[in-house]
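As a plain string of letters, each chain reads:
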Amino acid sequence: MTAPTATVTDRVLSLDPTELPAYVYDLAALREHAASVRAALPANVELYYAAKANPEPEVLAALGPYTDGYEVSSGGELAHVAKAVPGRPLAFGGPGKTPAELAEALGRGVSRFHVESLHDLAVLGTLSAGLAPGARVPVLLRFNLPLANASLAGSSLTMGGRPTPFGLDPADADTAVRLLVDGRYPHLELRGVHAHLASGLEAPDLLAAAESVVTWSAGLAARHRFRLAEVNVGGGMNVDYTAPGSRFDWTAYGAGLARLTAAHPGLTVRIEPGRALTAYCGWYATEVLDVKDSHGETFAVVRGGTHHLRTPATKGHDQPCSVLPVETWPHPWPRPSAGRPLVNLTGQLCTPKDLLARRVPAPGLRAGDRVAFALAGAYAWNISHHDFLMYPRPTFHFLGGHD
Ligand SMILES: Cc1ncc(COP(=O)(O)O)c(C=O)c1O
């Protein structure tokens, strides 16, 4: 069980059933967490937030004081983030950029282009030819490099070191760098390398990956005699859904990055976490609609489901949660309740995959009780298939805002 803070609990219990399900975001907790992450990082490490984890404008704005910029991975994200946090540096990546998106990004003057293939480079280079004389387009080449810890290469969120559509193959490195340093595209300025290799790693593995990316990049720069100004080592800091009270070891990671940058004077290292910044601030809250036994197990069906919170389905985990008992039962019919100590929490969808959490210790759970699912602040609402079965959308609540 994972208890929400008093502020979140009060809000969840104060909502009318018609306002459920609800996404409740604790922006004060988000700011506090982001401040501690920033404090753990050395000054010469830049922190960009990967907006794909949660692009709610209130979340983007709350992160503003603690971040150096935002990473966006589509034209849609680019326009949305530019509007939500105007004037902030944006790094634009993604494996399938259209010419229209690249032209839009050039027009907006984004601060970094993450180039993911020779074709991507050719389109960007050609489109940039129309820029005003002297205009500079800062480029990082994204590479699909081997992970330092080869045993991680098979995990489902691994994007590097195995065949994937992400980034350039190292075999294309010399060609790509030559095109940039030989002046083929005079407006493009090669600033360095980008490599987001995996998500869900703990600090030692993520540090080993960062070290190997920087070492490889330094070798590439030395071979082609270009100045390696920066390396973006990506995001991917683990969020442990089985231990919602624990946090990625930012102190150890920051100390490791300090050692890494000390070994490469003048190099700016950038990171772009998503999940580990925002997961903790979000709660998906709802109420139990029905409780029943089926073939020896107890099921509680809640209002909503994985069409709002797809995370447990995509990651195959049990979403940590907490029961908030509601004593009043306003209906004339009997109130169903759980007879067994362990309860499976499912949603309203007509699919056995609509499982939010299995075997939750919730003895006596009743219809009308509320349930708050934790760690719902990242890859939650925005990755869910909202329209399946046409259920109403949740309501959204941002607590602890400055307004
Ligand atoms: C290029 C890139 N950067 C950053 C991230 C953020 O990763 P995470 O949310 O695991 O930190 C992702 C996630 O897919 C990504 O693809």
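Reading guide: rules and limits
Residues numbered from 1 in each chain as written. Predicted model: local features only at pLDDT ≥ 70, side-chain atom pairs only at ≥ 80, totals over all residues. Heavy atoms only, no water. Salt bridge = Lys/Arg side-chain N within 4 Å of Asp/Glu carboxyl O. Helix = DSSP H or I, 4+ residues; strand = E, 2+ residues; numbered from the N terminus. Buried < 20%, exposed > 50% of the residue type's maximum accessible area, 1.4 Å probe, protein only. Contact = heavy atoms within 4.5 Å. Domains from an automatic or database assignment. Buried area = accessible area lost by both parts, 1.4 Å probe. Polar contact = N/O pair within 3.5 Å; in protein donor to acceptor, adjacent residues only side chain to side chain. Nonpolar A, V, L, I, M, F, W, Y, C, P; charged D, E, K, R; others polar. Pairing = 2+ DSSP bridges. Axes fitted to C-alpha atoms, helices over the stretch in contact; angles between N-to-C directions. Near = heavy atom within 4 Å. Areas by Shrake-Rupley, 256 points an atom, 1.4 Å probe, with all protein chains shown as cover.

**Student:** I'm lost on the pattern of salt bridges in this one. Help?
**Tutor:** Side chains bearing opposite charge may pair, as long as their charged atoms lie close to each other. What the rule picks out here adds up to 19 salt bridges. Two residues, Glu46 and Arg270, come together in a salt bridge whose shortest N-O distance is 2.9 Å. Of this pair, Glu46 sits in strand β2 (residues 45-50) while Arg270 sits in strand β9 (residues 268-271), and the two are 224 residues apart along the sequence. Glu46 gets classed as partly exposed once you look at its relative accessible area, which sits at 24%. Ionic pairing is found between Asp318 and Arg358, a salt bridge with its closest N-O pair at 2.7 Å. Taken together, the positions of Asp318 in the loop between α11 (311-315) and β12 (321-324) and Arg358 in strand β14 (residues 355-361) put the pair 40 residues apart, joining distant regions of the chain. In this structure Asp318 comes out as partly exposed when scored by relative accessible area, which is 30%. Owing to a relative accessible area of 40%, Arg358 belongs among the partly exposed residues under this scheme.

**Student:** What exactly am I supposed to notice about unusual backbone geometry here?
**Tutor:** Most of the time, phi is negative for any residue but glycine, and the peptide bond is trans. Cis geometry is found at the peptide bond from Leu20 to Pro21, where omega equals -5°. Looking at the secondary structure, you find Pro21 in the loop between α1 (6-14) and β1 (22-26). Of note in this structure, Leu375 is not a glycine but carries a positive phi near 55°. Among the structural elements, Leu375 can be located in the loop between β15 (370-373) and β16 (395-399). Its relative accessible area of 3% is what places Leu375 among the buried residues.

**Student:** Please clarify how the environment of His114 should be interpreted in this entry.
**Tutor:** Here His114 is to be found in strand β5 (residues 112-115). Considering only alpha carbons, one finds His114 and Ala195, 81 residues apart in sequence, at a separation of 9.5 Å. Excluding residues within four positions of it along the chain, His114 makes contact with Glu71, Ala91, Phe92, Gly93, Lys97, Asp120, Leu140, His194, Asn232 and Glu272.

**Student:** I keep staring at the domain arrangement of the protein chain and nothing clicks. Help me out?
**Tutor:** Often, the extent of an interface is quoted as the loss of accessible area on bringing the components together. Domain annotation for the protein chain reports domain 1 (6-23 + 280-399) and domain 2 (89-273). On a C-alpha basis, the centroid separation for the pair domain 1 and domain 2 is 39 Å. Across the contact, eight residues belong to domain 1 and nine residues belong to domain 2. Taken together, both faces of the contact between domain 1 and domain 2 bury some 690 Å²; the carbon and sulfur share is 69%. Put simply, domain 1 and domain 2 have zero salt bridges between them. Between the two partners, domain 1 and domain 2, sit zero residue pairs in polar contact (both at pLDDT 80 or more). In terms of residue class, the side of domain 1 that touches domain 2 is made up of three nonpolar, three polar and two charged.

**Student:** How should I be thinking about the sheet that holds β2 in this particular structure?
**Tutor:** Read around the closed barrel, the eight strands follow the order β2-β3-β4-β5-β6-β7-β8-β9; overall the barrel is parallel. The average undirected angle you get between the axes of adjacent strands in this sheet is 30°. Both strand β3 (residues 69-72) and strand β4 (residues 90-92) contribute to a ladder of three bridges, which runs parallel. Residue pairing across strands places Tyr70 opposite Leu90, the latter belonging to β4. Along the sheet face, helix α9 (residues 250-262) touches β2 and β9 and points at about 155° away from the line of β9.

**Student:** How should I be thinking about the site of the ligand in this particular structure?
**Tutor:** As a structural note, the neighbourhood of the ligand is formed by 15 residues, with Ser199, Gly236, Glu272, Arg275 and Tyr379 the closest of them. The separation between an oxygen atom of the ligand and a polar main-chain atom of Gly236 is 2.8 Å. Here an oxygen atom of the ligand and a backbone polar atom of Arg275 are 2.9 Å apart. The protein chains hide 92% of the 390 Å² of surface that the ligand would expose on its own. Looking at the shell around the ligand, its residues break down into four nonpolar, six polar and five charged.

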